[in-house]
Amino acid sequence: MTKTFPKEETYSLVDQMRRAAASVGANLFEGAMRLGSREYRQFVGIARGSAGEVCYHFLLARDLKYISDETYQELRSGYDRVIQMLSRLSQSLGESRPRS
């Protein structure tokens with residue numbers, strides 16, 4: 001989708017969008033490689049934040065007329081689902097509790 005953006009956005013909005021999108025999966029993978037669910041949960045939260053960042057970039061791209069309202073709605077709907085799944089994953093990992 002970002003290939004259609006103006007050339008002057010290549011090293012700004014396009015780069016930020018791609019990095020944030022890649023960060024979602026990278027943080028999930030890194031968290032899964034950690035030793036405990038508390039650490040994993042932290043990385044799930046970071047991934048959720050990155051997904052939120054991507055949603056903001058979709059909104060900005062729409063406002064700048066780089067994508068249509070229809071494309072924005074489709075992309076946003078998909079990322080809302082991702083954010084919901086990340087929230088459920090975080091909940092399944094439980095609240096982090098201090099050790100006694």
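Residues numbered from 1 in each chain as written. Predicted model: local features only at pLDDT ≥ 70, side-chain atom pairs only at ≥ 80, totals over all residues. Heavy atoms only, no water.

### Some points on the overall build of the protein chain
Turning to step 1, where the next piece is worked out: Counting its secondary structure elements, the protein chain contains 3 helices and 0 strands.
Turning to step 2, where the next piece is worked out: The order of helices and strands in the protein chain, counted from the N terminus, is α-α-α.
Turning to step 3, where the next piece is worked out: For 100 residues, the compact-globule formula gives about 13 Å, and the C-alpha radius of gyration of the protein chain, at 16 Å, lies well above that figure.
Turning to step 4, where the next piece is worked out: In terms of overall dimensions, the protein chain has C-alpha extents of about 55 × 25 × 15 Å along its principal axes.
Turning to step 5, where the next piece is worked out: Buried positions account for 29% of the 100 residues belonging to the protein chain.
Turning to step 6, where the next piece is worked out: Long-range contacts, defined here as pairs at least 24 residues apart, represent 62% of the contacts in the protein chain between residues at least 6 apart.
Turning to step 7, where the next piece is worked out: Of the roughly 7000 Å² of accessible surface on the protein chain, 51% is carried by carbon and sulfur atoms. (Helix = DSSP H or I, 4+ residues; strand = E, 2+ residues; numbered from the N terminus. Rg over C-alpha atoms; globule rule 2.2 N^0.38 Å. Buried < 20%, exposed > 50% of the residue type's maximum accessible area, 1.4 Å probe, protein only. Contact = heavy atoms within 4.5 Å. Areas by Shrake-Rupley, 256 points an atom, 1.4 Å probe, with all protein chains shown as cover.)

### Some thoughts on helix H1 (residues 13–32)
Turning to step 1, where the next piece is worked out: With 20 residues, H1 should cover 28 Å at 1.5 Å per step; its first-to-last C-alpha distance of 29 Å lies within 8% of that length.
Turning to step 2, where the next piece is worked out: Where H1 bends most, at Ser 23, the angle is about 30 degrees.
Turning to step 3, where the next piece is worked out: Every buried residue of H1 is listed here: Leu 13, Val 14, Met 17, Ala 20, Ser 23, Val 24, Asn 27 and Gly 31.
Turning to step 4, where the next piece is worked out: Looking at the buried side of H1, the elements it contacts are helix H2 (37–63) and helix H3 (69–92). (Expected span 1.5 Å × (residues − 1). Bend = angle between axes of the 7 residues up to and from the residue.)

### Topic: the nonpolar core
Turning to step 1, where the next piece is worked out: Among the nonpolar cores identified, the biggest contains 19 residues, and Phe 5, Ala 51, Phe 58, Tyr 79 and Leu 86 are the most heavily contacted of them.
Turning to step 2, where the next piece is worked out: Mapped onto this core, the elements with two or more residues apiece are H1, H2 and H3.
Turning to step 3, where the next piece is worked out: When neighbours within four sequence positions are excluded, Tyr 79 is seen to be in contact with Ala 21, Ala 51, Val 54, Cys 55 and Phe 58. (Core = buried A, V, L, I, M, F, W, Y, C linked by side-chain atoms within 4.5 Å.)

### Re the pattern of salt bridges
Turning to step 1, where the next piece is worked out: Here the structure, examined in full by the defined rule, presents 6 salt bridges.
Turning to step 2, where the next piece is worked out: Across the salt bridge formed by Glu 39 and Arg 34, the nearest N and O atoms sit 3.6 Å from each other.
Turning to step 3, where the next piece is worked out: Its relative accessible area of 33% is what places Arg 34 among the partly exposed residues.
Turning to step 4, where the next piece is worked out: Across the pair Arg 62 and Asp 63 runs a salt bridge whose closest N-O atoms are separated by 3.1 Å.
Turning to step 5, where the next piece is worked out: Judged by relative accessible area, which is 22%, Arg 62 ranks as partly exposed.
Turning to step 6, where the next piece is worked out: Given a relative accessible area of 46%, Asp 63 falls into the partly exposed group. (Salt bridge = Lys/Arg side-chain N within 4 Å of Asp/Glu carboxyl O.)

### Looking at the packing of H2 against H3
Turning to step 1, where the next piece is worked out: In the contact formed by H2 and H3, the axes pass within 9 Å of each other and the chain directions differ by 170 degrees. In this view, H2 runs roughly antiparallel relative to H3, as classed from their interaxial angle. Residue-level contacts link Tyr 40, Arg 41, Val 44, Ala 47, Arg 48, Ala 51, Gly 52, Val 54, Cys 55, Phe 58, Leu 59 and Arg 62 of H2 to Asp 69, Tyr 72, Leu 75, Arg 76, Tyr 79, Asp 80, Val 82, Ile 83, Leu 86, Ser 87, Leu 89 and Ser 90 of H3.
Turning to step 2, where the next piece is worked out: For the contact of H2 with H3, a count of residues per class yields 15 nonpolar, 3 polar and 6 charged. (Axes fitted to C-alpha atoms, helices over the stretch in contact; angles between N-to-C directions. Parallel < 35°, antiparallel > 145°, perpendicular 65-115°, else oblique. Nonpolar A, V, L, I, M, F, W, Y, C, P; charged D, E, K, R; others polar.)

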